[in-house]
Structure formats: C-alpha cells, structure tokens
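# Chains, contacts and geometry: an overview
What follows is the residue order along each chain.
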Amino acid sequence: MFLLFLSVVFCSSTIGLAQEKVEGIVLDEIGSPLPGVTVLIKSTTIGTITNSEGYFNLDAKVGDIVSISFIGYKTYDINVVKEMPKQEVHLEADFVGLEEVVAIGYGTQRKGDVTSAITSVKSEDFIVGKIGDAAELVKGKIAGLSITKSSGDPNATSSIMLRGITTIKGSVQPLVLVDGIEGSLTTVAPENIASIDVLKDASAAAIYGTRGANGVIIISTKSGKRDSQATATYSAYVSLSEWYKTLDFMDTNDIIYGRTNFEYGGYDTDWLEAVSRKAGYTQNHSLSLTGGTKSSTYAASITFSDEEGIMRKSDSNDIKAQMDFSQYAMNDILKFNINVLYTTHKNTNNNNNYVYRQALIRNPSSPVYNEDGTYFEEFSRFQYFNPVAIQNEMIGDTRTKYARVTGNITFEPIKGWKTNLMLSKKEIETTGETYYTSQYYTQATGGIKGSASKSSGNDVSDNLELTTSYDFSIEKSRISAIVGYSYLYNVHDGFSASNSNFPSESYLYNNLGQGTYLSDEDHVAGMASDKRDDKLVGFFGRATYGYDNRFNAMVSFRREGSSKFGENNKWGNFPAASLGWTVSNENFMKSISWLTNLKLRTGYGVTGVIPTDSYLSLTTFDYDAYGKHLNTDGKWTPSLKVAQNPNPDLKWEKTSEWNIGLDWAVLDSRLSGAIDVYTKKTVDLLYDYAVPVPPNMYDVTTANVGQMRNNGIEVMVNAIPVKTSEFEWNSTLTLSHNENKLLSLSNDLYETDNFSEVGGVGDPISVATHAMEIGHRLGDFWGLRSVGVSKDGVVLVQVKNDDDTWSVKEFDTKYNEEKNRQRLGNGLPQIYAGWSNTFRYKGFDLNLQFTGQFGYQILNSQRSFYENNSIAYNRLKSAANLYGAVDAAGAAVINPETGSQLQVGLTNSMSQGVWSDHIENGDFVKLSNATLGYTIPLSAKAKSYVNNLRVYVSGQNLFCITGYSGLDPEVDNNFLAPGIDGRDKYPTVRSYTIGLSVNF
C-alpha cells in the first residue's frame, strides 16, 4: 500500500509538465564512448546511465539542469531548452576529486584545501552484502584504521583502532559522530549512511579536545535535496551463513579406539551440530523516501533486520527509523532542521561462548538426553555440563530502545555568515530478563529450583552547540572561520533485582517476590542500583586560508572542561595547526605534463583521552562487609569504608602528534595516492599506583604519570589500470604500519614496577600471557619457550638456573614462574593491508575486497587446553600426533630397534600449559568480500516508474591464506594482551548473500 501511495504521488506530480527529450553521447578526452555514466536531473533522483556506446536519453522539463557525472571526471551540466538538439559531451578528467567536499568536524572543506590526514569514503564505494555495522562498510579502505571482527555472533560489532595505542587504562575506540552527535558504529542503519570521513591526525581531531586522541569517525546520513521530486528506494537482501572453519576434535571412532579418557557410551553425537542451526539466516529490508520543494527538503528511512545466528539462541532483531526535515524561510536567511532517530533492538539472552566450550569437550559417544527425556549429565566431572541444556534452560531476552531528537536553527543574514544553534537529546533504555530453570547446570548442581533476574538501564545525553562561521573569497584567497560553544551532559541510572528457589517455575522472571531467597536467612536475594553523570563543556575556534589553489593553512583551538577531571585540572587546552602546498599548481611545474597533482602537507595538534569513570578524582565510599557498628537502635550495622582515594590533580591523557603527508596523482589521475608519516607522544597516562596506608585511606590511587610513543606510516594507492569504452578496472591498495613503545610509568611521586605480567588464559592453566615493560612495545607474548618433546612424551622447556644460565627441563607447572618466561613474539600486527578491486563491464560490476595482517603472532589457546592427553574431556585430534624425540641438548633420540629418530606421542601425565609452540605466526590474506552486481536495463516505459534496478550476489569471509592452524587468524586486538585466540568464543562465519535495490 505504501509503495502504491508513492507511485500515485509520483505520477500525479508529473501531470501537465512540458517535457523535452534530452539525448546524446558521452565521450572521454580522446573521443571514446563512456558507458555507465550517470545522467541525472539536478536536485532530483530522476536519471539514467549511458549504455555501452555512451548513449543516453531521458525526459526533462524546460529549465531543468541535466548533470552528467562519472568517477574520475569533472561533472558536466546541460540546461534544458525547447527543441533540444542531440548532445555530444566530452568529459574532462578530474584531478583526483579536488572539488569534492569532505567533513572536517563542525563543517566541511574542499578536498583540494585539506591540510590534515583525512580520508573520506562515499556510499558508492561502500562494501555491499551482509553488513552488521558502519565499520564493515569501509573495512580495508582506510589506511591506518584497523577493523577486526573475530566473532560470528549476530550481536558482535567490529573492533576498531586508529594509529596505534594511546592509553593503557582508557579506551582506544575512536570518537564516532553520527550527524554531529556522539554515537556508535550501530547507531544508524548502514543503508542510510551517505559518507564516512575519518580524521586521522591530531591537527584535524584537536577540535574535539579530550575525545580526539584516538581519531574521529564522522558518519553522515542521507538527506533530501531542494526542488526535487519525491523518490523512493527499496533495498533488501537475504543471507545464509555457515561456520568458516571447525576444529578437528576426537570423534566416536577415537573413543572406541581409546584415544581419550572417555568410555564408549554407545551413541554418536555431533555436539557442535546439536547446539547449532543448519545455517545462519539474515533478512534485511530498507525503504527510504527523499525529496524537496523550493523551500524545504525531507528524507525518511526505515530498516528492518532480523538475523538468526548459526548457534541456537543467538539472534538479533533491529528496526531503525530516521527522519530529516529542513525548512528555509525569509529568502534562505533562516533554516530550520529537525532530525529524529528511533531504533529498537532485541536479542535472546544466551551463554553461547561457554556452550561452545562444552560442545567441544563433550564425549561424542554420549547422548543428549536420557531415555526418560531428561538431559544426560555427568556432574561428577569437573566443569562438564550438557551444552544443549545450557542453551535450552536459560530463558530471557534483552531489549533496547534508542531515541534521538536533534534540532538546528541556522541564521544567515549575509551570504557566507552562518550562525547555528543545535540542540539534541538522546535516550537509551535497556531492559533485560533472564530465568535459569532448575535443569540449568548452576541450579541442578546447587539443588536450586530456578533463579530469575530483571535489570533496566537508562542513559540520557543532552547536547547543545552554538557556532558562527564566515566563509568568503577575496580575489585568489579563500578564507573561512568558525567559533563555537559545546555543552554535553550525560547521566546513567540502572537497577537490577534477582531471586532464587521458586515454588513454581511457570512465572519465570515475572514474579520475583516468590523466590525463597528473599526471606531465607541462609541465602540472599539480589538487589542493586546505580547512578552516575558527567559534564563536558568546550569553547573552540578554527580558521582556514587558501591562496590561488597553491597554499593552504588551518589553525584551531579548543579549551575544554570536564567534571571527570580533578579540582586542580578542570580545563585543558588543545591547539592545532597545519599547512599545505600544492606544488603541481606552481608555474615552474606546468611543463611536467604527466604530473596531475602533487601536494605537501604537515600538521601538529594536541588531543586527549578522557577518563572512563565519572568520579576517579573523588573520594568514594562503600559498605564494609567485615566491619559493623552498634547504631542508636542497638543493631549492628555495616560501616562505611573508603573505596577510592581522591586525586585533585587528575586530568586528561595528552597526545601531541606531528604528521607529514604527500598527495600525488599522475597520468591524468590514472595513478594517484597519499603517504602519511606520523609521530605522536602521549603523556600523563592514567595508571593505578600502590600507595601507603596511612596517610592514604585506600591502598591504590589513580594518577597521570606514564608516557608512550607511537610512530607510523600509511600508504594509499589508487589506480585505473584499464579503462575502455566497455570495461573499467579500479584498484585501491592501503598499507599501514605502527610502532609503539612504553616510555615510562613512574615519577617522583608515584612509582611502580617497570615490568608487569598482563593478560592470561583461564583455569586450569591460569598463567599470564603478555609482558608490559618500560622501553618495550605493548603486546609482547610472555611465556615458556619449548624446544621439543622428550623420549617420555613430555614437552621440553627452557628453565633459568640460579646463575642466569638456561637449562632444558620436562614441563611441569612449577616452572610457571616469571624468571623462566621469555618474550615469544607480539600479538599486534605490524602491517595492516587492504586491496579493493572494482571491475565494470556494461551493466555488470564486480568488487573484490581483500584484507591482510602481517608481522604478528597468535596464541592458539585451543591447543593449550585441548592438545593434551591428560585431560578428562575430549581433545583435539592433534593430541595423538607423534613427535621426534630429542634430549636436553636438542639431539635426536634414536630408536634402537629402527635406527631412526624415536617417535613419541604426548604423555597422559603432562599437565595443561602454555609454551612457545602454541604461539603461531598469524599472517594472513583474506577475501573479506566479493560482490557481483548487475544493473538491469529498463525500457522507456519502465523508466517512467523505475529509475534504477540492480541485483547482486555477495560473499563474506570467503577464503583465507594463512599458516595459522586455528579457526581464524583475525582475532581481537585487545591492546594490552592482543593476539589470544580464546577457547570460549563464537567462531567466525562465512556468509552468502543475494540482494536487490530499486529506485522509484
């Protein structure tokens, strides 16, 4: 009905208008026809594309402007008049899009004037397919922005990091702004994003002060155009997913042949299959409406997405709706804009990471159910539970509502002078409900008849920004300036309650008061609430100057205050400056015909990382569970105790960064790119320090002391290797490298060890996996170095003697000491790479997106836990591998019967552990996305109703070239302990997608 209504509106709006046929041919500079060129009536979405001979035709009104555009060429406009002659249009090469506009924060800038390290990706260059968040749209397309997704969970989002690590206690997540408001990668539907701009260096990000040290990602959503007819776009896709790879564990035949400690149970159960669906399934539908009159614009969109993950009980249901409306008044002196965003999310609560562990270690010859229909359990084995029961007997879901309203009033009394007031309110409501039945393992082992909990959280953000800007030109000079004030107030409150042991399980979580733990003297029901707030205020300004398309300069300054800071450091200053020189526009360069563009850039800026906790600078109190006092009523009451020392000097972590860049293009922009080299130093790193009691009331104080340095280089190369009348190949390569070093953690007042062990794997191994040390980079693996397997089937490791020499011993858990551990590699990739290739042939288009990471290691913790013959659980088949035995000197042990090296298996008496053999090289090249599309040619009659119809097929995570033996070498880069491929996980998936897009 809605589409029918749109069609009626569209048709009725065209009745009675005088139409002229506009037709012609589009050629390049040498006269070759250009297929696939966009021919569009300006300020509308009505248009067509040229065919293989470069020919086009469409109907337009007298007075319309027909805009002809193509990637790599300057746009050409045609004024529609009566009795239009046939057009012959010669497009000129565009020098790497220098007239393109990019977002720079609190405004935009012509790309040719940019002096900072900024990368912009438009919607036409986004990755297509099963897209979960905004980061997946640009994965591999932005040098320096590492994007990883190591989980197949429908609710997992990408992990992102820009230009290395700037903190050891805070967050490395860049600031994400959605239409100018702080948000996240999942705030808006990917289908409604028009562009993603990334401010990479401090000269660009300093205008955001304490939030800018990790870079800024600016997401702009689609909007309407003035004086354009209403158009509707419907896009949809369906996707099926499978496991990318599964681990090779012992099966029922191995149980029968005694390769585990299990007894044969008479069944053949694939436990991973038992907790999984046959395939993951996703459907996504998006409908948008755009248009405008001479004095208004409007855009509305709604997206529905429903995903069922491969593992049962994993799902995600989302509805995202957005509306944008602008009204111009008083001859464009005033502009009113309102933007409303509303989303809902729902997912089933589960414990699937732990379910996955239990599915791997379960006896494949045991049944899922007993003959009476109850779950088959063996609680006598330590931490050994039926994974199907864990899934089925945990009931509940989490629901989130996100609402944001933004209003803008723009006053422009003089052309170029704009004053804007922005007001925004954002509210997020989250409700969670969970019930564990009496058959859930924690309840069954504890004899509890069910446990229920409910929780709710509410986050509200009030944002105000007042800016005034002036843009003007004087002869060869372009000048712009902006000053502004920003106010942001955040408040969170939450509540939770739980109870256990219910007389009836039929109520689930809907009658918490019936549980006996509320009144039982031997047990305690749960109840908690919390509230916190913070305030951020900023004054800022920026000025840019450009002269004769040769020289450019930008300066900015922000003074910012936060309630999170200590009393003595409430305010911080964040200056920035950058310069640009377009050498290719100098007269002495005109004779170099093959050089299209050459620009030098340099910039410096100061940014910050704000503390994550609202009250780190203040004294906080808690109830002392072990200390009670007698109150005035004669009752023993818990006493208060200090839970945190105050620090009135607490402030932001400050990062100072230099960036030098080079933009270049040759051969009429057939080959172009950019190189950026940066160095940044972070001081006043936050860290927790042990302090004496007394005089302090608590034994730890958080203070700004440490220092860290990051150096790096980023390279981007764009090429058009082939370009003919019917075929075109565009290719983009991105490379980035970062070096990190921890410089210090102590000063005269606060002192800590220069070395500490961080990270770790869980029980029963329970050892640290990484080292953090002054003078070294973060992410170094730290553990025992293995040198082979002894004749008795025990792994040999190096152990330090009292005289600091090394000897070789058979592994024992007693050697898990700091003195015996060594550096075993690093979990942070030294090089990130992306390679995008787009091929166009007539109506077909093919995009291949490769990503890669190089120069790093991965701890394969599945091998640490499951490549072992002593465990009482199932194990990897590789646990039965044979090894050539060696002695303590590394010499081969000879089998006297064969005269060759003795082959031994791992003994069943060796404990689990982590050693260097479990740390593998992680280098990989992956085909992250492949999309084949076809734009269906439409008849003249069909074009009266449909502007464009495209269908496509897409695959994600299709193949990976790597030497890593685990599931997927793309693991989370946790910045203090990166490179751990954990045992409790939701493995990655491979997806196949089919979709379409229709523009009416």
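What counts, and where the lines are drawn
- Residues numbered from 1 in each chain as written.
- Predicted model: local features only at pLDDT ≥ 70, side-chain atom pairs only at ≥ 80, totals over all residues.
- Heavy atoms only, no water.
- Patch = residues over 30% accessible without salt bridge, like charges linked within 9 Å, V, L, I, M, F, W, Y side chains within 5 Å.
- Areas by Shrake-Rupley, 256 points an atom, 1.4 Å probe, with all protein chains shown as cover.
- Salt bridge = Lys/Arg side-chain N within 4 Å of Asp/Glu carboxyl O.
- Helix = DSSP H or I, 4+ residues; strand = E, 2+ residues; numbered from the N terminus.
- Buried < 20%, exposed > 50% of the residue type's maximum accessible area, 1.4 Å probe, protein only.
- Domains from an automatic or database assignment.
- Phe/Tyr/Trp six-rings, centres within 6.5 Å; stacked < 30°, edge-to-face > 60°.
- Lys NZ or Arg CZ within 6 Å of the ring centre and 35° of its normal.

Turning our eyes to something else, we now look at a nonpolar patch on the surface. Together, Val238, Leu240, Tyr281, Tyr841, Phe844, Leu932, Val953 and Ile994 make up an exposed nonpolar region whose accessible area comes to about 690 Å². By the element assignment, Tyr841 lies in strand E43 (residues 831–841). Take Tyr841: its relative accessible area is 39%, and that puts it in the partly exposed class.

Here the domain parsing of the protein chain yields domain 1 (19–90) and domain 2 (785–823 + 858–921). Distance from the C-alpha centre of domain 1 to the C-alpha centre of domain 2: 71 Å.

Applying the stated rule across the entire model yields 46 salt bridges. For the salt bridge of Arg601 with Asp663, the shortest nitrogen-to-oxygen distance reads 3.0 Å. Placement of the pair is Arg601 in strand E29 (residues 595–609) and Asp663 in strand E32 (residues 653–666), with a sequence separation of 62 residues. The two residues Arg601 and Asp663 agree in class, both being buried. For Lys651, the salt bridge goes to Asp684, with nearest N and O atoms at 3.5 Å. Separated by 33 residues along the polypeptide, Lys651 in the loop between strand E31 (636–644) and E32 and Asp684 in strand E33 (residues 671–690) bring together distant segments of the chain. You can call Asp684 buried: its relative accessible area is 18%. Each member of the salt-bridge network shares a partner with another, and the members are Lys346, Asp397, Arg399, Glu433 and Lys454.

Let's shift gears to the packing of aromatic side chains. One pair of aromatic rings is described through two measures. These are the centre distance and the angle between the planes. One pass over the full model with this rule turns up 30 aromatic pairs. Both rings, one in Phe727 and one in Phe839, keep their centres 6.4 Å apart while their planes meet at 25 degrees; by these two values the pair is stacked. One end of the pair, Phe727, is in strand E35 (residues 727–744); the other, Phe839, is in strand E43, and 112 residues separate them in sequence. A relative accessible area of 28% means that Phe727 is categorised as partly exposed. What makes Phe839 partly exposed here is its relative accessible area of 21%. Each residue in the set Tyr354, Phe379, Phe385, Tyr436, Tyr440 and Tyr441 is aromatic and connected to the rest through ring pairs, giving one cluster. Positioned over the ring face of Tyr328 is Arg226, at 3.8 Å from the centre of the ring. Its guanidinium or amino end placed over the ring of Trp271, Arg362 lies 5.2 Å from that ring's centre, counting from NZ or CZ.

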